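Structural description and commentary
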Amino acid sequence: MKAKVFEITLKDMTFDDIERIMDGHMQIRLGKDVLSAVKKCRDYLDKKTKTHKEPIYGVTTGFGSLCNVSISEKQLSQLQKNLMMSHACGLGDPVPEDVVRLMLLMKIKSLSYGNSGVQVVTIQRLADFFNNDVVPVVYQQGSLGASGDLAPLAHMCLPLIGLGEVWVNGEKRPASEMLKKYGWKPVTLASKEGLALLNGTQFMNAFAVYNVLKARRLSKLADLVGALSLEAFDGRIEPFFAQIHDVRRHKGQVDTAAAFRKYLKGSAIIKRKKEHVQDPYSFRCIPQVHGASKDAIEYVSRITFEEVNAVTDNPTVFPEEDLVISAGNFHGQPLALTQDFLAIAVAELANISERRTYQLIAGKRGLPSFLVKKPGLNSGFMIPQYAAASVVSQNKQLCCPASVDSIESSQGQEDHVSMGANAATKAYRVMDNTERVLAIELFNAAQAFEFRRPLKSSAILEDFFKAYRKKVNFVEDDQVMYPLIQKSIDFLRGYAL
């Protein structure tokens, strides 16, 4: 079957495009407008290098604090190769392969505008890597998030010159082996190319894109799981009435309340007379809390979208204006601030989720203590709540902002850095943690929901519950719980919203 192909053009790439490419395992093709723009810029830079007498940063000079050291024309290619090798100083855990593929896609898009001075063969080889699942081994630590993501991008681009490692069936293999397999010769870097490849925000932005897409999904899941918990807790519908939210006007709050009204429409449980006048905040204030997170996620999405479609290397080349400008588009401050914000917003979804879990096991509103028929003999759902609380606590630690820190580097030339890479990788962990906490809430909510029978909920929630029960059964007596929690995580991960 012929693979589907997405064409990279000079037009913006949307989040929908990225999801289609990644989820559909699509291949990418460089459009004619991209190839023309890239070639035009490279031709201009070659001519500029030969005719311009003054030094051009990163093209005919050293890097960072070595910007005043001129390099001869014969050494320009070696200069770029040296840059690639010397900057590959990554540490820590490997970056997940799906995030590295996003890095490749982000770098290709950034180079496609013809403002970076790369050769056509270079950007085409990155596309070849993407299309053939040649995934470079990149490490999570080492970037300061200014001058771009130097260390991780060096690891990502080493295979271009036949160095570094790539993933093959889960194992690290020398990149040189894969070049031989596909008959690819190592790219001979032209002037500025190493800098174009290593400068840029594609490491932190790949994590940012992943985090935004996951945050959007987690926000929807939090509403759906929260609605099932509300039913299981015998909660009230009034806090979700439109009138309440229309007078405050925050879009996320209005949208959350509307989602709950949709999920609860036709429920016999929500309509029955309640003995209690109010619900705890973790239920009553769901629109306000979930809604604020929604608004934050949308703001972060907008900033991340702009970065996806941005040129972020340095210097930036403008052939039409005959300009090569050394500036600071590689500085990751927009991503650093927003990834810190995103981590906080998504952590709050976990925070309030764990509180709902606690309410469900507390022996209130006709529910048995710890959601088992024989509490005492059985501990039931006591410890899943502990586990959720532990993860929520870790989230709070991860939400300490990275963007408030800066450490001087490169002999003072790079005296303010964003720490955006640390912000993005921390947020990545918060996304996974929040998914786990929501899965534990679902585990508890489904158990509690059974005690409301024979009453029925809405068609939407009954279908959701039925789908979950195909994976995780009711817990009659104590059993080993961690496989059930993992099944709950897997269920949420694969559930089609």
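See above for the structure.
A brief structural summary. (Residues numbered from 1 in each chain as written. Predicted model: local features only at pLDDT ≥ 70, side-chain atom pairs only at ≥ 80, totals over all residues. Heavy atoms only, no water.)

**Focus: the packing of aromatic side chains**
In this structure the tally under the stated criterion is 16 aromatic pairs. Centroid distance phenylalanine 381 to phenylalanine 443: 4.6 Å. Interplanar angle 50°. Geometry classified as tilted. A residue pair is termed long-range when its members are at least 10 positions apart, and phenylalanine 381 in the loop between α15 (333-360) and α16 (382-398) and phenylalanine 443 in helix α17 (residues 420-450) qualify at 62 residues. No difference in accessibility class separates phenylalanine 381 from phenylalanine 443, as the two residues are buried. Centroid distance phenylalanine 491 to tyrosine 495: 5.3 Å. Interplanar angle 40°. Geometry classified as tilted. The ring of phenylalanine 130 carries the charged tip of arginine 101 above its face, separated from the ring centre by 4.1 Å. Between arginine 355 and the ring centre of tyrosine 358, over which it is positioned, the NZ or CZ distance is 4.7 Å. (Phe/Tyr/Trp six-rings, centres within 6.5 Å; stacked < 30°, edge-to-face > 60°. Helix = DSSP H or I, 4+ residues; strand = E, 2+ residues; numbered from the N terminus. Buried < 20%, exposed > 50% of the residue type's maximum accessible area, 1.4 Å probe, protein only. Lys NZ or Arg CZ within 6 Å of the ring centre and 35° of its normal.)

**Here's the deal with the sheet that holds strand β7 (residues 171-174)**
Taken in spatial order, the 3 strands make up an open sheet running β4-β6-β7, and their pairing is antiparallel. Of all the strands in the sheet, just β4 (135-136) and β7 have a single pairing partner and so form its edges. As paired strands, β4 and strand β6 (residues 165-168) are joined by 2 bridges and run antiparallel to one another. From the neighbouring strand, proline 136 faces β6, where its bridge partner is valine 166. Its contacts with the sheet put helix α7 (residues 175-182) on β6 and β7, and the angle it makes with β7 is roughly 75°. (Pairing = 2+ DSSP bridges. Contact = heavy atoms within 4.5 Å. Axes fitted to C-alpha atoms, helices over the stretch in contact; angles between N-to-C directions.)

**Points about empty space enclosed by the protein**
Overall, the coordinates contain 1 cavity of 30 Å³ or more when judged by the stated rule. The calculated volume of the largest cavity comes to roughly 30 Å³. Lining the largest cavity, in full, are Met106, Ser110, Thr201, Gln202, Asn205, Glu307, Val308, Ala310 and Thr312. Counting only elements with at least two residues in the lining of the largest cavity, the list comes to α4 (97-111), α9 (202-232) and α14 (286-308). Counted by class, the lining of the largest cavity contains 3 nonpolar, 5 polar and 1 charged residues. (1 Å grid on protein atoms, 1.4 Å probe; cavity = no way out; pocket = protein on both sides within 12 Å on 5 of 7 lines; lining within 4 Å. Points joined across faces, edges and corners; volume = space filled by probe spheres on them. Nonpolar A, V, L, I, M, F, W, Y, C, P; charged D, E, K, R; others polar.)

**Description of the side chain of asparagine 199**
Among the secondary structure elements, asparagine 199 is positioned in the loop between α8 (193-198) and α9. With near-sequence residues (within four places) excluded, asparagine 199 lies in contact with Lys107, Ser147, Gly148, Leu150, Leu153, Thr312, Asp313, Asn314 and Phe330.

**Digging into the packing of α9 against α15**
Following both chains from N to C, one finds α9 and α15 inclined at 20°, their axes separated by 10 Å at the closest point. Taken together, the axes of α9 and α15 lie roughly parallel to each other. Crossing angle aside, the handedness with which α9 passes α15 is left-handed. Here the contact of α9 with α15 is composed, by residue class, of 13 nonpolar, 6 polar and 1 charged. (Parallel < 35°, antiparallel > 145°, perpendicular 65-115°, else oblique. Left-handed = near helix turned anticlockwise from the far one by under 90°.)

**Looking at helix α6 (residues 150-157)**
Most of α6 sits inside the fold, with 7 of its 8 residues counted as buried. Buried within α6 are the following residues: Ala151, Pro152, Leu153, Ala154, His155, Met156 and Cys157.

**Concerning the environment of leucine 497**
For leucine 497, the position within the fold is in the segment after α19 (482-494). Between the alpha carbons of leucine 497 and threonine 425 there is a distance of 26 Å; along the sequence they are 72 residues apart. If we skip the residues at most four places from it in the chain, leucine 497 touches Arg217, Lys220, Leu221 and Leu224.

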